[in-house]
Amino acid sequence: MDRGHELLALAVPIAREAAALARAMRTAGVDPVATKSTLTDVVTAADRAVERQVREAIRAARPGDAVLGEEYGDSASDGDVRWVLDPIDGTVNYLYDLPQYAVSLAAEVGGVVVAGVVINAATGREWTAVRGGGAHADGRRLSGSGQTDLRQALVGTGFGYAADRRLHQATVLAGLIGDIRDIRRFGAAAIDLCLAAEGSLDAYYEKGLNAWDHAAGGLVAAEAGLLVTGLAGAAPGPDMVVAAPPALHKGLHDRLVDLDAGKGP
């Protein structure tokens, strides 16, 4: 078994247990316990409890590995493996009991993501990928959308928590929406990337994503055959993540460049 498959075999049961905890805590009721970057950027007790559980499970199985998580930051490592975790991607959806929130867990080796799992904790839907081994959901290999005309593409996106960033993103969207079929905004980047991987969305873009938002979902999309990039030759990152099949990627990418989508707050 290569390292990607080995790490995925550990990641999947850990993510399933994390999803079960998130779901149980949602059923019991949830309140925001703090805000982070803005008043609309909430963190719940469940975010923190799920991350602690995942960290403990990884530490028990592989004590020398590092973990980068949204709530507790980066930890030291004795080796070349780092886990990248979003304990609940879509916390606002979680807070409002909307069924689009996920546990996202990826494994990096030497800084390269080699395995990832995303589980919609509300529904149990699960997506996995291994670098060079394809992306799968429910035992089916994913291959993305067959759409070739950007004008007929259903495109997913998201918006930041800060008002000035949302206003810039809305301006970009106003310039783009006449060039595509329509837009969808579900509120969980990891799920959006997986929906693009399976073709439920034709493409996806978003500014402002952190590593934990796109590490696992980005690998799922890439292994489904999508191009996952930033803008103008940049790697995917905080300035922009664009995920689209090759037939759509250039048109969407170039339109986002024209609209200065990677600029602004």
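For the structure, check the block above.
Thresholds applied
- Residues numbered from 1 in each chain as written.
- Predicted model: local features only at pLDDT ≥ 70, side-chain atom pairs only at ≥ 80, totals over all residues.
- Heavy atoms only, no water.
- Core = buried A, V, L, I, M, F, W, Y, C linked by side-chain atoms within 4.5 Å.
- Buried < 20%, exposed > 50% of the residue type's maximum accessible area, 1.4 Å probe, protein only.
- Helix = DSSP H or I, 4+ residues; strand = E, 2+ residues; numbered from the N terminus.
- Contact = heavy atoms within 4.5 Å.
- 1 Å grid on protein atoms, 1.4 Å probe; cavity = no way out; pocket = protein on both sides within 12 Å on 5 of 7 lines; lining within 4 Å.
- Points joined across faces, edges and corners; volume = space filled by probe spheres on them.
- Nonpolar A, V, L, I, M, F, W, Y, C, P; charged D, E, K, R; others polar.
- Pairing = 2+ DSSP bridges.
- Polar contact = N/O pair within 3.5 Å; in protein donor to acceptor, adjacent residues only side chain to side chain.
- Axes fitted to C-alpha atoms, helices over the stretch in contact; angles between N-to-C directions.

1. Section: the nonpolar core
Across soluble globular proteins, nonpolar side chains show a tendency to be buried alongside one another.
Part 1: Membership of the largest hydrophobic core comes to 34 residues, with the highest contact counts inside it found for V118, W127, L142 and V220.
Part 2: Counting residues per element, the ones that place at least two in this core are β6 (102-109), β7 (112-120), β8 (126-130), β9 (134-137), α5 (189-198), α6 (211-223) and β15 (241-244).
Part 3: For this core, the element with the highest residue contribution is α5, accounting for 8 residues.
Part 4: With sequence-adjacent residues up to four places away left out, V220 is seen in contact with W127, T128, A129, A135, L142, C194 and A197.
Part 5: Grouped together as the second largest cluster of nonpolar side chains are 31 residues, I14, V50, I58 and L105 included.

2. Let's talk about empty space enclosed by the protein
Part 1: One pass over the structure, following the stated rule, counts 1 cavity of 30 Å³ or more.
Part 2: Its boundaries defined by the atoms lining it, the largest cavity holds a volume of some 40 Å³.
Part 3: Of all the secondary structure elements, the ones that give two or more residues to the lining of the largest cavity are α4 (163-176) and β13 (203-206).
Part 4: Per-element tally for the lining of the largest cavity: the top contributor is α4, with 3 residues.
Part 5: Tallied by class, residues from the lining of the largest cavity come to 4 nonpolar, 4 polar and 2 charged.

3. Focus on the pairing of β7
Side-chain positions along a regular strand alternate between the two faces of the sheet.
Part 1: Among the 9 residues that make up β7, 8 are buried, leaving the element largely enclosed by the rest of the structure.
Part 2: As paired elements, β6 and β7 share 8 bridges and run antiparallel to each other. Bridge assignment links S104 to a residue of β7, and that residue is V118.
Part 3: Here β6 folds back onto β7 in antiparallel fashion, the turn holding 2 residues, of which G110 has a positive phi close to 60°.
Part 4: In the sheet, β7 pairs with β8 via 5 bridges, with the strands oriented antiparallel. In the sheet register, V117 faces β8, and the bridge partner there is T128.
Part 5: The hairpin formed by β7 and β8 contains 5 residues between the paired strands, and G124 there has a positive phi angle of roughly 85°.

4. Considering the environment of Y72
Part 1: The topology assignment puts Y72 in the loop between β3 (66-69) and β4 (73-74).
Part 2: Owing to a relative accessible area of 39%, Y72 belongs among the partly exposed residues under this scheme.
Part 3: Put simply, Y72 and A216 are 144 residues apart on the chain and 18 Å apart in space, counted from C-alpha to C-alpha.
Part 4: Among all residues touching Y72, those that are not within four sequence positions of it are R48, E51, R52 and R55.
Part 5: A distance of 2.9 Å separates a polar atom in the side chain of Y72 from a polar atom in the side chain of R52.

5. Observations regarding the sheet that holds β7
Part 1: Read from one edge of the open sheet, 8 strands run β4-β3-β5-β6-β7-β8-β9-β10, paired in mixed fashion. Among the strands making up the open sheet, the edge pair consists of β4 and β10 (140-141).
Part 2: Along the sheet face, α6 touches β3, β5 (81-89), β6, β7, β8 and β9 and points at about 100° away from the line of β7.

6. Notes on the sheet that holds strand β12 (residues 182-184)
To summarise the sheet geometry, strands pair through backbone hydrogen bonds and adopt either a parallel or an antiparallel arrangement.
Part 1: What the 5 strands build is an open sheet, ordered β12-β11-β13-β15-β14; its pairing is mixed. Pairing within the sheet leaves two strands with one partner each, and these edge strands are β12 and β14 (227-229). Adjacent strand axes in the sheet meet at a mean angle of 20° when their direction is disregarded.

7. With respect to the environment of V241
Part 1: Tracing the chain through its elements places V241 in strand β15.
Part 2: Taking relative accessible area as the criterion, V241 reaches 1% and is therefore assigned buried.
Part 3: With 21 residues separating them along the chain, V241 and G262 place their C-alpha atoms 9.3 Å apart.
Part 4: Discounting residues that sit within four places of it in the chain, V241 has contacts with L193, Y204, Y205, E206, L209, H214, V228, T229 and P236.

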